[in-house]
Every structure is written in structure tokens, then in C-alpha cells.
Amino acid sequence: MFSNEIVWENKETFGCEYLKCLITDTAVLAESTVVYLEPSSPVQIDYQIEMDRSWRTKHVNIYSKSGQSLRLTSIKSGKWIDQNGTVMTELEGAIDIDISATPFTNSLPVNRFDWKPNQQRELDMVYISVPSLEVSKMKQTYTFIGSRGEIRVFNFQSPGFESLIFTDEKGFVVDYPGLFERKY
């Protein structure tokens, strides 16, 4: 069993995230609180993600201080249901989730695969926009550039966006230039 606590600073706007991740022989469990400023008000979300040992999402729960909530469950690889048990056909084929307010969800595809230098993978993601908690399917591309000592470097692309992402040897983001920086 391995437990990790991480604090990220939100560099784009004033804010931070506190994450606790527990890795057991059978599961990866993440629990986090994200707080940041929107132009009109502060935003706080709490989320929990339960994954299997291969970093495939089984459940995600998100609660907003404003009272909104979202629960998604993967009923089998690439098939999702919402909190009402409704099958979300628009998410068909997506394995990983991407919550807009956190760098943690970049760890899911990073840790789900073995990577070789210059290897590229195009993935369908369940994209969750914060603070609205709107859900959509989005294509994202990760390219493993290589390692710089203990740091792994990925080029990340999504529609209209591209950035390098730097992770530690465990796949947790240490720097997402201009957006997030690990402080602990």
C-alpha cells in the first residue's frame, strides 16, 4: 500500500488543490479539494475517484460548494452511467476522465500505459468542466517526449490547447506550465 499527499498551486488564477491518493494491491483511490477564484466568485469542489490498479476509472464523484454534484460510473470499459442510472451513450469509448480544475486527472493516462520515448497516444476522455460540471467526450493526445532524470515530459494536446506536462516517476504532475505547480 502506498499513500501520497500532494498540494498544487493554481497558477492561472489564485487557488490550490490538496489531494490524497491511496494505492493498494487492487485499487487507486483519490480524494481531493480544489479551491480557486473565478472572476465573479470563489469555487470549491471536492472529488473522489476510484480506479482499478490499472488506473481505469470505476467511479467519480464531484461535489461543488454551490450545491451541484455529479456521479459517473464506468459499467464496463468505455461505457458510463450517471447518478440516475442512465447510460451516457455520448461518452461511449472513453476510458479516462479529465476534470478541468485539476492536474491529477492527467495522471490517469500517464499511469495506465507503459511509455516509450516519442510514443503518441490519442485518447477519448470524459471531460468534466468545472464549475459547471458539464460532461462531454473529448479527444486528447499525449506524446511521451522522454525523461530528464526523475522527471518525465509529455506533450499534451486537446482541441485548441497544447502544453508540456512534467511528471514525477510515479506519474503525478510536478509542473503544468502556466496552470499548475506542485508545492508539496
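The coordinates are above.
Because the structure is predicted, anything quoted here is derived from the model rather than measured. Along each chain, residues carry numbers from 1 onward, in the same order as the chain's sequence is written. Predicted model: local features are reported for residues with pLDDT of at least 70 only, side-chain atom pairs are reported and counted for 80 or more only, and whole-chain, interface and lining totals are derived from all residues. The basis for every side-chain value is the complete set of non-hydrogen atoms in the structure, without hydrogens or water.

Caption draft 1: Representation of the nonpolar core within the structure. Residues enter a nonpolar core if they are buried and are Ala, Val, Leu, Ile, Met, Phe, Trp, Tyr or Cys, with the set joined through side-chain atoms within 4.5 Å. For every residue, the accessible area obtained with a 1.4 Å probe (protein chains only) is divided by the maximum for its type, and the residue is called buried under 20%, exposed over 50%, and partly exposed between those limits. By size, the foremost hydrophobic cluster in this structure holds 47 residues, and its most contacted members are Ile45, Tyr47, Ile49, Trp55, Ile62, Ile99 and Phe104. Only runs of H or I of at least four residues qualify as helices and only runs of E of at least two qualify as strands under DSSP, and these elements are numbered from the N terminus. Counting residues per element, this core draws most heavily on strand E4 (residues 42-52), at five residues. Contacts are assigned to residue pairs that have any heavy atoms within 4.5 Å of one another. Leave out the neighbours within four places in its chain, and isoleucine 49 touches Val28, Leu29, Ala30, Thr57, His59, Val60, Ile97, Ile99, Phe104 and Thr105.

Caption draft 2: Structural context of the side chain of arginine 112. Looking at the secondary structure, you find arginine 112 in helix H1 (residues 107-112). In the analysis that follows, any N or O atom pair within 3.5 Å is treated as a polar contact, provided that within protein one partner can donate a hydrogen and the other can accept it, and provided that, for residues neighboring in sequence, both atoms belong to side chains. Within polar-contact distance, the side chain of arginine 112 engages the side chain of aspartate 96 at 2.7 Å. Those residues in contact with arginine 112 that sit more than four places away from it in its chain are Ser54, Trp55, Arg56, Ile95, Asp96 and Leu123.

Caption draft 3: Geometry of the side chain of asparagine 61. With respect to the element layout, asparagine 61 can be found in strand E5 (residues 57-64). One polar contact links asparagine 61 to arginine 71, side chain to side chain, over a distance of 2.8 Å. Beyond its immediate chain neighbours, meaning those up to four positions away, asparagine 61 contacts Asp46, Tyr47, Gln48, Leu70 and Arg71.

Caption draft 4: A look at the layout of surface pockets. The definitions used throughout rest on a 1 Å grid laid over the protein atoms alone, on which a cavity is an enclosed set of points accommodating a 1.4 Å probe that cannot get out and a pocket is an open set flanked by protein within 12 Å on both sides along at least five of seven lines; lining residues are those having an atom within 4 Å of a point. Grid points are joined across faces, edges and corners, and a volume is the space filled by probe spheres set on the points. Within this model, the largest pocket holds a volume of roughly 440 Å³. In terms of lining residues, the largest pocket is bounded by 21 residues, among which Glu12, Ser100, Ala101, Tyr127 and Leu179 are the most central. Mapped by element, the contributors of at least two residues to the lining of the largest pocket are strand E8 (96-99), strand E10 (134-148) and strand E11 (151-158). Following the grouping adopted for this structure description, the nonpolar residues are Ala, Val, Leu, Ile, Met, Phe, Trp, Tyr, Cys and Pro, the charged ones are Asp, Glu, Lys and Arg, and the polar ones are all others, Gly among them. Broken down by class, the residue content of the lining of the largest pocket amounts to eleven nonpolar, seven polar and three charged.

Caption draft 5: Representation of the pattern of salt bridges within the structure. By definition here, a salt bridge exists when the distance from a side-chain nitrogen of Lys or Arg to a carboxyl oxygen of Asp or Glu is within 4 Å. Tallied over the full model, the rule gives eleven salt bridges. Residue glutamate 122 pairs with lysine 139 through a salt bridge whose shortest N-O separation is 4.0 Å. With glutamate 122 in strand E9 (residues 120-129) and lysine 139 in strand E10, the pair connects residues that are 17 residues apart, well separated along the chain. Judged by relative accessible area, glutamate 122 falls into the exposed class, the value being 56%.

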